[in-house]
Amino acid sequence: MDITLFQGFTEGTTFEKYALIAVLVVAIFGLLYAAFLTRQILRQPEGTEKMKHLSMAIRTGGNAYLRRQFRTILLIFFLLAVFIFFTGYFETEPSEHGNPDWLIGLGRAGGFLIGALFSALVGYLGMNIAMQGNVRVSHAARSSFAQALKIGYRTGTVTGMLTDGLGLLGGTILFIIFFKDAPLVLIGFGFGGTLLALFMRVGGGIYTKAADVGADLVGKVEKNIPEDDPRNAAVIADQVGDNVGDCAGMAADIFESYEVTIVSALILGILIYAVDPLQHLYWIILPLLIRAGGVLGSIISTYTVGRGEENAMEAIHRAYWLGAAITCVSSFLFAHFYCHDLRFFWVIMIGVFLAIATNYIADYYTGERHAPVKEIAKSTKTGPATTILSGFGWGFESTVMAIIAIALAILGSAIVWRSGLPGVELTEGGMPVQLLCTFYGAALCGIGLLTLTGNNIAMDTFGPVVDNANGIGEMAKLEPKTRQTLNDLDAVGNTTKAITKCIAIASAVLAAVALFAAFYAKNDLQTIDLIGWKVFVAFLIGGAIPFLFSSLTIRAVGRAAHYIINEVRYQFAHVKGVWEGKVDPDYGRVVSICTGAAQRELITPALLAILSPIAIGFLLGLEALAGFLAGVILVGQLLAVYMANTGNAWDNAKKTIEDGLYGGKGSEAHKAGVIGDTVGDPLKDTAGPALNPLIKVINLVSVLAAPLIVLEVGAPGATHTFTAVAVGIGAAAIIIIIGSVWFSRKEESFGREYEEKEAT
């Protein structure tokens, strides 16, 4: 069989050839912009020696954690690359474009490793610039609010442009090399980034919230000292956690969403292209062009923040609107002059409007200026119970609003594409072309939603940067005016983090819906009979998976926090001079506990995500696996939005009290607010955000494993002939899941060993 690579430069039109080169140039330009901003940030002064010392301690802890995490998962990724190769080699629909199965397998495995590498780079480099920027924000706040805002936002923008540049660069290069076979390879690229994001989200989330909960409960509630009091042994671990969880973890999370929305759009685009009588390549190339326009929009709009503003949220929103306007114009030009069909423009605009709607929904339910947070803060006057009940109520309502917005976006896409391909009644893989176009429209909604990824991640990383800056300011005992400036920026950062979490969840749903459609079409599923017992059972199990996953991650935070609380209490009680502030506590001890706990606990949730679809597919078949995916998508989205918004609302309610409401710091209302915040911490920063990559990992594993499942259980719709191999694989997957869950429940760990040694 002949090998046909780089067909895009032989079959595409002149415009399409130059357009692909332009996309590569824009991706590289995005990376150069990140380097330019990095140079600007590093030129800023770091402040006093005390501030530099604190910043260095945070950087040391963060890098030590990531190095250990990468060593822990490195072997897993290389072993999975072998599995990925065979999923490509045994693809049930071999390449029709001249490339042999072994090349598709190698390309898919290579794409998997590249996706993981790029995701790791985004997390590692983004986290490091964030840890360089925090101390500079602290120092800038001593003289100028606008300068502190500019440094903090541009620090976050570096991570955003790394995501834009590497995501677009990797996807475009793989597309150019494999062209019409690119979707077969890009599925590996998306899976690599998604799986790495899952590890970083879970591990970083456990680390950051265990430290945060431990520091708050002992420091604020038991000892009545400030959040970032340097006498608290957990305070440095808390600052490190902001970076490994909210910087590295969220950056990897958005990066994989960025990848997967491109992958899902290209897969559906190639399926439509195959039955398009006119063989239009714009079905495949348009998503890349739209993303390139988004990169330019992010570069222009993010640079406008911090130019004399005194209202941080207004400046950030204005930049987002500017980027959205640029995206609208570029999308219209591509749809009108390249595709000659404005339906492409309208579905992309639906995605942009969904991002804006998600922005305002999250702002309303988590922002300090609005009724939900005000009511939660008021409920603290009657104790922790009413605080938690109020947060639950508003969190549930926010979930309804978020899923209605997503449902309306998908409905809008369906209406725009209601005519499908005019005059074409053909089907592809059992799915009518009209329906394929509808799901392609949903994928383009996801493209539009994440077109301003540079802005989204700038907003998200801004949160932990100013949080760290605020902590450094408190530990370094900066001036009261500076502390107030930093506290104001911290409150804004908390809201921007909530907004980007909801955007990430919405993008996960749209990407999962598109991947679900690709799974449906590629495997010739004529119908999915929900009444069929196998499908219905799998649907129920799929809906339960997000709850089990959340249980594992939340309990992991609780176990790790238990050991940290004991350690902080011990140092206050038994290490002379710590309480009096005469000697520094042993910060490294708590950092070590957090690191060990996160590494021990992250494997079980990852195994659940990887193995559960394999177990369902091999034991119940592809139709049941489709039902399983539907359950995961629905419940995962609802649970993720609920946990993210509830936790952030509790957090901001606590901050309003710390600003002087209802008695301020140290009051009974404040203690109730702190308890609500600590309950919400693992929800908003561990379990909730980790559901995003969980949903996509399960969908991608299903798409990848489908060819192997067909080999063992028969084609969809046929009589299932389960072999001993199929039963063995399914049973082994279940046994491994059960074993890993049992392992996660074992009490013996570093924490108990510490207590026993100290007791003796």
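Data block above holds the structure.
Below or above, wherever it landed, is the structure these notes cover. Since we're looking at a predicted model, the values are computed, not measured.

## Observations regarding the packing of aromatic side chains
Piece 1. Applying the stated criterion across every chain yields a total of 24 aromatic pairs.
Piece 2. With 5.2 Å between their ring centres and 75° between their planes, Phe85 and Phe86 make a pair best called edge-to-face.
Piece 3. Under the relative-accessibility criterion, Phe86 is labelled partly exposed at 37%.
Piece 4. Ring centres 6.5 Å apart and planes at 40° place the aromatic pair Phe392 and Phe396 in the tilted group. Of this pair, Phe392 and Phe396 both sit in helix 12 (residues 384–416), four residues apart, roughly one helical turn.
Piece 5. Among the aromatic residues, those joined into a cluster by ring pairs are Phe15, Tyr282, Trp283, Tyr338, Phe344 and Tyr440.
Piece 6. The lysine or arginine in question, Arg154, covers the ring of Tyr303, its NZ or CZ lying 3.9 Å from the ring centre.
Piece 7. Geometry around Trp579 places Arg231 over its ring, the cationic atom sitting 4.6 Å from the centre.

## Some words on the environment of Gly688
Piece 1. As for its placement among the helices and strands, Gly688 is situated in helix 20 (residues 668–713).
Piece 2. Setting aside its immediate chain neighbours within four residues, Gly688 contacts Ala640, Met643, Pro682 and Leu683.

## Structural notes on the side chain of Asn470
Piece 1. Here Asn470 is to be found in helix 14 (residues 453–475).
Piece 2. Exposure remark for Asn470: the relative accessible area of 6% places this residue in the buried category.
Piece 3. In contact with Asn470, not counting residues within four places along its chain, are Asp228, Arg483, Leu486, Asn487 and Asp490.

## A short note on the side chain of Ser264
Piece 1. Along the chain, Ser264 falls in helix 7 (residues 235–275).
Piece 2. Not counting residues up to four positions away in its chain, the partners in contact with Ser264 are Ala443, Ala511, Ala514 and Leu515.

## Looking at the nonpolar core
Piece 1. Membership of the largest hydrophobic core comes to 251 residues, with the highest contact counts inside it found for Leu195, Leu268 and Phe344.
Piece 2. Those residues in contact with Phe344 that lie beyond four places of it in its chain are Tyr282, Trp283, Leu286, Ala335, Cys339, Trp417, Tyr440 and Leu444.

## Details of the pattern of salt bridges
Piece 1. Applying the stated rule across the entire model yields 15 salt bridges.
Piece 2. In this structure, the salt-bridge partner of Glu479 is Arg142, at a minimum N-O distance of 2.7 Å. Here Glu479 is found in the loop between helix 14 and helix 15 (480–522), whereas its partner Arg142 is found in the loop between helix 4 (101–140) and helix 5 (145–178), with 337 residues between them in sequence.
Piece 3. Of the charged contacts, one joins Glu567 and Arg589 as a salt bridge, the two residues approaching to 3.7 Å between their closest N and O atoms. You can see Glu567 sitting in helix 16 (residues 533–574) and its partner Arg589 sitting in helix 17 (residues 587–601), a full 22 residues away along the chain.
Piece 4. Sharing partners across several salt bridges, the network here consists of Asp651, Lys654, Asp677, Asp681, Lys684 and Asp685.

## Structural notes on the environment of Gln147
Piece 1. Its place among the elements puts Gln147 in helix 5.
Piece 2. Separated by 158 residues in the primary sequence, Gln147 and Val305 place their C-alpha atoms 9.8 Å from one another.
Piece 3. Ignoring any residue separated from it by four or fewer positions in sequence, one finds Gln147 in contact with Gln44 and Ala140.

## Looking at helix 18 (residues 603–620)
Piece 1. The end-to-end C-alpha distance of helix 18 is 25 Å, a good match for the 26 Å that 18 residues give at a rise of 1.5 Å each.
Piece 2. Its maximal kink placed at Leu611, helix 18 deviates by approximately 30°, while the proline Pro613 follows within four residues.
Piece 3. The first or second residue beyond helix 18 is Gly621, which carries a positive phi of 100°.

## Notes on unusual backbone geometry
Piece 1. Although it is not a glycine, Lys477 adopts a positive phi angle of roughly 55°.
Piece 2. Look at Lys477 and you get exposed, because its relative accessible area is 65%.
Piece 3. A positive phi angle is found at Tyr662, which is not glycine, with a value near 55°.

## With respect to the packing of helix 4 against helix 14
Piece 1. Across the interface, helix 4 lies against helix 14 with an axial gap of 8 Å and an inter-helix angle of 55°. Considered as vectors, helix 4 and helix 14 are oriented oblique to each other. Crossing geometry of helix 4 relative to helix 14 is assigned as right-handed. Contact residues: helix 4 offers Ala130, Gly133, Asn134, Val135, Val137 and Ser138, while helix 14 offers Thr461, Val465, Val466, Asn468, Ala469, Ile472 and Gly473.
Piece 2. Grouping the constituent residues of the contact of helix 4 with helix 14 by class yields seven nonpolar, six polar and no charged.

The rules behind each value
Residues numbered from 1 in each chain as written. Predicted model: local features only at pLDDT ≥ 70, side-chain atom pairs only at ≥ 80, totals over all residues. Heavy atoms only, no water. Phe/Tyr/Trp six-rings, centres within 6.5 Å; stacked < 30°, edge-to-face > 60°. Buried < 20%, exposed > 50% of the residue type's maximum accessible area, 1.4 Å probe, protein only. Helix = DSSP H or I, 4+ residues; strand = E, 2+ residues; numbered from the N terminus. Lys NZ or Arg CZ within 6 Å of the ring centre and 35° of its normal. Contact = heavy atoms within 4.5 Å. Core = buried A, V, L, I, M, F, W, Y, C linked by side-chain atoms within 4.5 Å. Salt bridge = Lys/Arg side-chain N within 4 Å of Asp/Glu carboxyl O. Expected span 1.5 Å × (residues − 1). Bend = angle between axes of the 7 residues up to and from the residue. Axes fitted to C-alpha atoms, helices over the stretch in contact; angles between N-to-C directions. Parallel < 35°, antiparallel > 145°, perpendicular 65-115°, else oblique. Left-handed = near helix turned anticlockwise from the far one by under 90°. Nonpolar A, V, L, I, M, F, W, Y, C, P; charged D, E, K, R; others polar.

This is a description of form; function is not addressed.
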